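Here is what each chain is made of, one letter per residue.
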Amino acid sequence: MNKLYKPEIQKKVIDDTHYYYVDGVFKPSVTKILSEAMPTPFELKHWIGEVGNEKAQEKLEFSQIRGSAIHNACEELLRGVEIDMEQFKVNSDKKCLVSFKNFCAEYQPQVIDIELVVASELGYAGTLDVVCKIKDRIVVLDIKTSGAIHPEHFLQVTGYERAYFEMTGEHADRMILHLNPRTKK
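Residues numbered from 1 in each chain as written. Predicted model: local features only at pLDDT ≥ 70, side-chain atom pairs only at ≥ 80, totals over all residues. Heavy atoms only, no water.

> Got a sec to walk through the overall build of the protein? Specific residues and values, please.
When you go through the protein residue by residue, the secondary structure sums to 5 helices and 7 strands. Traced from its N-terminal end to its C-terminal end, the protein shows the element sequence β-β-β-α-α-α-α-β-β-β-α-β. Radius of gyration (C-alpha) of the protein: 17 Å, near the 16 Å computed for a compact globule of 185 residues. With the C-alpha coordinates of the protein rotated into their principal frame, the extents come out at 50 × 40 × 25 Å. Taking all 185 residues of the protein together, the buried fraction comes to 35%. Here the protein displays about 11600 Å² of accessible surface, and carbon together with sulfur accounts for 51% of that area. Averaging the coordinates of the 24 positive side-chain charges in the protein and doing the same for the 28 negative ones gives two points 4 Å apart. (Helix = DSSP H or I, 4+ residues; strand = E, 2+ residues; numbered from the N terminus. Rg over C-alpha atoms; globule rule 2.2 N^0.38 Å. Buried < 20%, exposed > 50% of the residue type's maximum accessible area, 1.4 Å probe, protein only. Areas by Shrake-Rupley, 256 points an atom, 1.4 Å probe, with all protein chains shown as cover. Lys, Arg positive; Asp, Glu negative; His and termini not counted. Charge placed at Lys NZ, Arg CZ, Asp CG, Glu CD.)

Now the structure itself:
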């Protein structure tokens, strides 16, 4: 077995943007690398062209706020905290949380860690949503509330799993949990 990678990682949040310092040196996040390396999907370009830059920016910011609220509620549920569904005024958000509760009831994830900060010797860092056991298998679980799952999502969870392996020596399965009001299961 190879020697485990045990860096000192500091996560700093400035203006809602995550920055990582690994052993005192700035390292880009997995999502930053992917946003720079992956082309903007045609559908997104087309949509921005239809609604205009300003309106698109407003909608994207609203989606980020909404996604963060759902994501935070899922973390609280995993910690055993009961969520007041009335704080979510939009039915579609409530549907996402019901889907998450149904996922937990069916697969009974045993939480190992939530919001685990990891880094890779390949020169990047990131924050895993959830590390858990499902049916005796370790799983790196990434929660998504976007309208669709995109290729960069698969690369993101793969980058997280790689860094997790380097730091723990544990192989993990990768899972994307898509919480979308149109998704039944």
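> I'd love a proper account of the confidence of the model for the protein, names of residues and values included.
A residue-level look at the protein finds 98% of positions with pLDDT of 70 or above and a mean pLDDT of 92. At the low end of the mean pLDDT range in the protein sits helix α2 (residues 42-51), at 82; at the high end sits strand β4 (residues 110-120), at 98. (pLDDT = per-residue confidence, 0-100.)

> An account of helix α4 (residues 91-107) is needed here, citing residue identities and associated values.
An ideal rise of 1.5 Å per residue puts 24 Å on 17 residues; α4 measures up with 24 Å between its terminal C-alpha atoms. Within α4, the full set of buried residues consists of D93, K94, C96, L97, S99, F100, F103 and C104. Against α3 (53-78), β5 (124-134), β6 (137-144) and β7 (173-178) lie the buried residues of α4. In the stretch just after α4, Q108 is the one whose phi turns positive, near 45 degrees. (Expected span 1.5 Å × (residues − 1). Contact = heavy atoms within 4.5 Å.)

> I'd like to hear about the pattern of salt bridges, residue by residue, with values.
As enumerated under the stated definition, the model contains 9 salt bridges in all. With a closest N to O distance of 2.5 Å, D93 and R66 form a salt bridge. Taken together, the residues span a long stretch of sequence, with D93 in helix α4 and R66 in helix α3 at a distance of 27 residues. Neither D93 nor R66 differs from the other in exposure class; each is buried. K94 is the partner of E86 in a salt bridge, and the nearest nitrogen-oxygen pair spans 4.0 Å. (Salt bridge = Lys/Arg side-chain N within 4 Å of Asp/Glu carboxyl O.)

> So, unusual backbone geometry: which residues are in play, and what are the values?
At Q108, a position not held by glycine, the phi torsion is positive, near 45 degrees. Relative to the assigned elements, Q108 resides in the loop between α4 and β4. According to the relative accessible area criterion, Q108 is exposed, its value standing at 56%. Positive phi outside glycine occurs at K135, with the angle close to 50 degrees. Mapping K135 onto the fold places it in the loop between β5 and β6.

> So what's going on with a nonpolar patch on the surface? Which residues, and what values?
A contiguous nonpolar surface patch, about 280 Å² in accessible area, is contributed by I14, Y19 and F26. The residue I14 is located in strand β1 (residues 9-14) in this model. Assessed through its relative accessible area of 46%, I14 is described here as partly exposed. (Patch = residues over 30% accessible without salt bridge, like charges linked within 9 Å, V, L, I, M, F, W, Y side chains within 5 Å.)

> Just give me the short version of the nonpolar core, but keep the residues and values in it.
Counting residues in each nonpolar core, the largest one holds 22 residues, and the members touching the most others are I70, C74, L97, F100, F103 and L179. Elements that contribute at least two residues to this core include exactly α3, α4, β5 and β6. Those residues in contact with L97 that sit more than four places away from it in its chain are I70, A73, C74, M85 and F88. Core analysis: the second largest hydrophobic core is formed by 19 residues, Y20, V131, V157 and Y160 among them. (Core = buried A, V, L, I, M, F, W, Y, C linked by side-chain atoms within 4.5 Å.)

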